[in-house]
Each structure stands twice: as structure tokens, then as C-alpha cells.
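Each chain, written out:
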Amino acid sequence: MADLTKFVRPDIAALEAYTPIQPFDVLSEQLGIPIEQIIKLDANENPYGPAPSVAEALRDHPFYAIYPDPDQTRLRRAISPFIGQPIQRILCGNGSDEIIDLLMRVLVQPNDVVIACPPTFGMYSFNTGVVGGRFVAVPRDANFDVDIEAVADAVLEHQAKMVFLPSPNNPTGNLLAREHVLRLLELPTILVLDEAYAEFSSGSVADLVGHYPNLVVLRTFSKWAGLAGLRLGYGLIPEWLITHLWKIKQPYNTNVAAEVAVLQSLAETEALNARAKVMVAERERLFAALQAIDGLTPFPSQANFILCRVERGDAAQLKAELAKRGILLRYYRNPELANCIRVSIGLPEHHDALLAALADLGYR
């Protein structure tokens, strides 16, 4: 038999795979720890889960044997007043990751430049590679803030098609100032603001979509609504561009269960907003506790996680020691995050267990 691997695109063969976070059952098997003893603070999931009424809505839905609406009409009608944008600017996807993929497939040809500012969400560089684009990194400063003029210079130098910036940024928690967004919108490029964690922050620019033809805003129900396992995100996209995304979108890309869960969540916004406030308060409590520990430096965050530099000892070893105790954090190998861990906001008792384990390991 001939070597069939030669049929694989060389750029895909060389592409480094994205490393996802594992679910409870896989982690339980890997660690040899019962699921109920695992404290999962590694994936920015909502520890409270969906609104209580979501399970009832899922149980009572009668049409799981029927294909979902390919246009997500009911869903987009419900999202419209929630986000303050007309239905014709809303596109739903299998998580906001799918919207990132669709945007790149519509806009980016081989060797076109896409810009992002590491340390940041890895899917931007990953998807750029998938479509054969060229990824250009404009590093953040020592406080993980975006160097706006450096981004502007890079856009002009490389004639960049797209700029991806999360606000708040994952994994650093920084919010991008509104005036900086407005400066970037002056540039001849498509600016994609990823607001996956906006409900835990003090700012959003979703209202600007439609006023600027080069602005796209991404949102998700994974974090605020606790629906990460059902995968439903959406984009707020100018009419001229969304038309082309509809052409290539898979017709049944959002499943019936996800639609039912989101519709019910949008009927529970008051309760979910209250939960988000509880998580923000817990974030501030944990931040203060981490600040008081010798050998750790937490960074201020406007998301549902806290990035923390390990000043004494090795972050990878600390993560491994905590994992042995069933406490899972995110560790980064990239140089911009040297010796850093990220702690997702969980329940207060999760954080108390983490702090106790850190003390036992010599971090007091």
C-alpha cells in the first residue's frame, strides 16, 4: 500500500493540535480519584450549572427526534432583546468556537494575516493555521494590557485581515478599554471582540455592532448560563458579513437540547445575573486570599478566573501536587505565562480546599 499520509495538507500535518480540558469521568479515571472528590478549577466552567428550570425544560421537550431549525429563528428572537441587537445581526453556533471558524473560512485565504495578542485564547492561532493563514502575535505588556499602537502598526505592516481580542482576556482577565476598541476600529481590518466572560465584567461593546462595519462581537452561554456541555455561542455580526457566514454554516449546527436550554436560561436572566454577582464576589475574596500568600502573585481579573504567578517553586510541580489531591488548575507552558497557573472561580468551599492544600504545600 502506498504512503497515504502524503495526501494530508503539509500545513495541517505540521499543525500542533489544540489541547482541551478533560471532563470529570476522564479525569477520575486518570487520577484514580472518585468524581465527587474532584475539585475542577481548570476550565472556567460555572460551578452552579444551569438554571434549575433548564433540566425541567429539557425533560419536557417533545421533539428530540426532529431536526432543529436551521435558522435558529426562535433562539435569535430571544437573544435579540437580551443583547440589544436586531435578529438579522445574530448568528448562533456550536459554541463561539464555531463562529471563529466560520469567520476565518469566509475572510482568510492562505497567507492572509490574522493578529492576536498573546498570552490569549489559543483557538485564534489554531484556527488561523487550519485555514492556511499566517498568524502574527503582538505581545502584551508586563501587565498583560494590549499595546494598541503596536497592533495598529502590525495591521498596517501586514495588511492584516482580522484582529482577535478577548475582553476580558483569557487567561489574564484584562478588560479592553472602550476607547482602545474605538481606536482599533479606525483600522482597515475586521476586529473580533470575544466577550465570552462579559457577564462577569464591568464592560461590553456589543452596542457598537452595526455602527462600525468592521466590528464583530462573540458571546457564549457556556460561562454565564452554565451550559458549557451543550455548546451554544453566538456572534453579533454586521449585515454585509453575516450574509456570507449563513452561506457556509452547517444547517443543523446547534442541537435541539442546546436551544431548549438557552431559551429557558433567557427566561431566567435575573437568577443567572444574581449568580454571576455571587461569583464576582467570590472572585474578589479568592483574589485577596491569594494576594496574602507568600510566593504567589495573582493578577486582577474581570472574568470568572484568576491568573496567578508562582514566585517561589515550580508552577508545573505545584499543579501536579494539587492534582494528586483532586484539585485541578490550569498550567501554561508558553513563555509569556512563565510559571503561571489559572484558577477558575468555583464554589467557596472549593477555594477553601485549595487554600488549605496550598498551605499544606508551604504556600501560606
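Preceding block: the structure.
For clarity, every value in this text was computed on a predicted model and none was experimentally measured.

### A short note on the sheet that holds strand β7 (residues 215-220)
Here is step 1: A sheet is described by the order of its strands in space; here 7 strands give the open sequence β2-β8-β7-β6-β5-β3-β4, paired in mixed fashion. Edge strands, defined here as strands with exactly one partner in the open sheet, are β2 (90-93) and β4 (134-137). Pairwise comparison of adjacent strand axes, ignoring direction, gives a mean angle of 20 degrees for this sheet.
Here is step 2: Summarising the sheet, strand β6 (residues 190-194) and β7 pair through 4 bridges and their orientation is parallel. Counted as the bridge partner of Asp194 is Leu218 from β7.
Here is step 3: Contacts between helix α4 (residues 73-83) and the sheet are confined to β2, β7 and β8 (233-236), with β2 contributing the most and set at about 120 degrees to the helix.
Here is step 4: Each of β2, β6 and β7 is contacted by helix α9 (residues 239-248), which is oriented at about 35 degrees to β2, the strand it contacts most.

### Examining the environment of Thr128
Here is step 1: Of note, Thr128 is situated in helix α6 (residues 123-130).
Here is step 2: Note: C-alpha distance between Thr128 and Asp69 (59 residues apart in sequence) is 30 Å.
Here is step 3: Excluding residues within four positions of it along the chain, Thr128 makes contact with Met104, Val114, Gly133, Arg134 and Phe135.

### Considering the side chain of Lys249
Here is step 1: Looking at the element boundaries, Lys249 is found in the loop between α9 and α10 (256-266).
Here is step 2: Put simply, Lys249 is tucked away with no salt bridge, and the nearest opposite charge, on Asp71, sits 6.0 Å away.
Here is step 3: Of note is the side chain of Lys249, whose polar atom sits 2.9 Å from the side chain of Asn253.
Here is step 4: Beyond its immediate stretch of four places on either side in the chain, Lys249 contacts Pro70, Gln72, Leu91, Cys92 and Leu102.

### A short note on the packing of aromatic side chains
Here is step 1: For the coordinates displayed, the defined rule picks out 9 aromatic pairs.
Here is step 2: With centroids separated by 4.7 Å and ring planes inclined at 20 degrees, the aromatic side chains of Tyr67 and Tyr252 adopt a geometry described as stacked. Here Tyr67, found in the loop between α3 (52-60) and α4, pairs with Tyr252, found in the loop between α9 and α10; they are 185 residues apart in sequence, far enough to count as distant.
Here is step 3: Exposure remark for Tyr252: the relative accessible area of 43% places this residue in the partly exposed category.
Here is step 4: Ring geometry for Phe221 and Tyr234: centres 5.3 Å apart, planes at 35 degrees, overall tilted. Residue Phe221 is located in the loop between β7 and β8, and its partner Tyr234 is located in strand β8; the two are separated by 13 residues in the primary sequence. Here the two residues Phe221 and Tyr234 agree in accessibility, since each one is buried.

Quick notes on the rules
Residues numbered from 1 in each chain as written. Predicted model: local features only at pLDDT ≥ 70, side-chain atom pairs only at ≥ 80, totals over all residues. Heavy atoms only, no water. Pairing = 2+ DSSP bridges. Helix = DSSP H or I, 4+ residues; strand = E, 2+ residues; numbered from the N terminus. Axes fitted to C-alpha atoms, helices over the stretch in contact; angles between N-to-C directions. Contact = heavy atoms within 4.5 Å. Buried < 20%, exposed > 50% of the residue type's maximum accessible area, 1.4 Å probe, protein only. Lys, Arg positive; Asp, Glu negative; His and termini not counted. Salt bridge = Lys/Arg side-chain N within 4 Å of Asp/Glu carboxyl O. Polar contact = N/O pair within 3.5 Å; in protein donor to acceptor, adjacent residues only side chain to side chain. Phe/Tyr/Trp six-rings, centres within 6.5 Å; stacked < 30°, edge-to-face > 60°.

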